[in-house]
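Residue-level listing of the chains:
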Amino acid sequence: MDPGALTTLLVGAAAAGWVDAVVGGGGLLLLPALLIAAPGLPLPVALGTNKFAAIAGTATAAVTYARRTKIDWRLAGPAAGLAVVMAGVGAALAGVVPGPAYRPVVLAVLVAVALFVTLRPRLGVVAEPSKRTRGRVVVAVAVAGGVIALYDGLIGPGTGTFLVLTFTALVGADFVHGSAMAKLVNAGTNLGALVVFASGGHIWWTLGAAMAACNVLGAAVGARMALRRGSGFVRVVLLVVVLALVTKLGYDQWLA
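Given the structure is predicted, the values throughout are model-derived calculations rather than measurements.

Within the chain one finds 10 helices and 0 strands. Helices and strands appear in the chain in the N-to-C order α-α-α-α-α-α-α-α-α-α. By the compact-globule yardstick of 18 Å for 256 residues, the chain fits well, its C-alpha radius of gyration being 17 Å. Projected onto its principal axes, the C-alpha coordinates of the chain cover approximately 55 × 35 × 35 Å. Looking at the chain alone, contacts between residues at least 24 apart form 83% of all its contacts between residues at least 6 apart. Total accessible area on the chain is roughly 10,900 Å²; 72% of this is exposed by carbon and sulfur atoms. For the chain, the centre of its 18 positive side-chain charges and the centre of its 7 negative side-chain charges are spaced 9 Å apart.

A grouping of R67, R68, R224, R228 and R229 is seen on the molecular surface, where their side chains present a positively charged patch. If you list the elements that add at least two residues to the positive patch, you get α3 (43-68) and α9 (205-229). Per element, the largest residue contribution to the positive patch is 3 residues, and it comes from α9. With respect to the element layout, R228 can be found in helix α9.

This part covers the packing of helix α2 (residues 27-37) against α3. Between two packed helices, the angle of one axis relative to the other and the distance separating the axes together describe the packing. In contact at an axis separation of 10 Å, α2 and α3 are set at 135° when each is read in the N-to-C sense. As far as their axial angle goes, α3 and α2 are oblique. Every pair of crossing elements has a handedness; the one defined by α2 and α3 is right-handed. In this structure, α2 contributes L30, L31, L34 and L35 to the contact, and α3 contributes L43, A46, L47, T49, N50 and A53. Here the contact of α2 with α3 is built from residues that sort into 8 nonpolar, 2 polar and no charged.

Its place among the elements puts P78 in helix α4 (residues 73-92). Look at P78 and you get partly exposed, because its relative accessible area is 43%. On a C-alpha basis, the gap between P78 and V141 in space is 6.7 Å, while along the polypeptide they are 63 residues apart. Not counting chain neighbours up to four residues away, the residues in contact with P78 comprise W73 and V141.

Let's shift gears to the packing of aromatic side chains. On inspection of all chains with the given rule, the structure shows 3 aromatic pairs. Between the aromatic rings of Y151 and F162, the centroid separation amounts to 5.8 Å while the plane-to-plane angle is 65°, which identifies the pairing as edge-to-face. With Y151 in helix α6 (residues 134-154) and F162 in helix α7 (residues 159-171), this residue pair connects regions lying 11 residues apart in the sequence. For the residue pair Y151 and F162, the accessibility class agrees, reading buried in each case.

What follows concerns the pattern of salt bridges. The full count for this structure, using the stated rule, is 3 salt bridges. The salt bridge involving D72 is made with R132; its shortest N-O contact spans 2.5 Å. With D72 in the loop between α3 and α4 and R132 in the loop between α5 (103-119) and α6, this pair connects stretches of sequence that are 60 residues apart. Given the relative accessible area of 33%, R132 is considered partly exposed. K131 serves as the salt-bridge partner of E128, at 3.6 Å between the closest nitrogen and oxygen. Here E128 falls in the partly exposed class, since its relative accessible area comes to 27%.

Turning our eyes to something else, we now look at the nonpolar core. In terms of nonpolar packing, the biggest core is built from 54 residues, with V23, L75 and F167 touching the most fellow members. Among the elements that line this core, the one with the most residues is helix α10 (residues 231-254), at 9 residues. Judged by nonpolar contacts, the second largest core, of 25 residues, contains L9, A13, A16 and L34.

Conventions we followed
Residues numbered from 1 in each chain as written. Predicted model: local features only at pLDDT ≥ 70, side-chain atom pairs only at ≥ 80, totals over all residues. Heavy atoms only, no water. Helix = DSSP H or I, 4+ residues; strand = E, 2+ residues; numbered from the N terminus. Rg over C-alpha atoms; globule rule 2.2 N^0.38 Å. Contact = heavy atoms within 4.5 Å. Areas by Shrake-Rupley, 256 points an atom, 1.4 Å probe, with all protein chains shown as cover. Lys, Arg positive; Asp, Glu negative; His and termini not counted. Charge placed at Lys NZ, Arg CZ, Asp CG, Glu CD. Patch = residues over 30% accessible without salt bridge, like charges linked within 9 Å, V, L, I, M, F, W, Y side chains within 5 Å. Salt bridge = Lys/Arg side-chain N within 4 Å of Asp/Glu carboxyl O. Axes fitted to C-alpha atoms, helices over the stretch in contact; angles between N-to-C directions. Parallel < 35°, antiparallel > 145°, perpendicular 65-115°, else oblique. Left-handed = near helix turned anticlockwise from the far one by under 90°. Nonpolar A, V, L, I, M, F, W, Y, C, P; charged D, E, K, R; others polar. Buried < 20%, exposed > 50% of the residue type's maximum accessible area, 1.4 Å probe, protein only. Phe/Tyr/Trp six-rings, centres within 6.5 Å; stacked < 30°, edge-to-face > 60°. Core = buried A, V, L, I, M, F, W, Y, C linked by side-chain atoms within 4.5 Å.

Dropping the structure here:
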């Protein structure tokens, strides 16, 4: 690989790790950077290599959050365990349904997310413990560990963002604690998909290891920044990432 392209890719991996650690959506940076830097790379190998790098960053962010803030393990633990299985199923089915078929649905959901967060300025800024009922916890585990994990294995853009919104909107977590739980579940989705891609030989291990190191660095910085600056900062980054995802997917849908 050309040294300039490799440098750009490694910087992109660090930036993706930062975004993922704060609010999710790092795949918006990492996967396109990989495809641009290595244009002849088969898509399954690009997806597998991306997961290899991403799991290092999400695991680092999850550990950082777990050390510095209280995590609701009774919610995040079952969701992460289920996510490993469902993301693996999604990765196994990734070639069956083409990515473009999901684009309009994902776009509509992201626009709804942007409007929801904008119109509810208090969402996620302050925790709402009253929302954490048994029924809502069950629904949150099913949505995060089931539906969103399956989606991550299939296609993936915005997974971390969807997870954060699930924990804030359904069980009343603030954005910092919602992001902490999202990192645990996202590590599970990455692990499940990674096992499937690795079993098929779809990982460029040496490049993935270099990207993983940079992703870890970005994730460590991002997690510490989110914890230090609080939920208001995470909310702003969330809106920026959602708008960037809408722009990227909209371009792919109508202009590319």
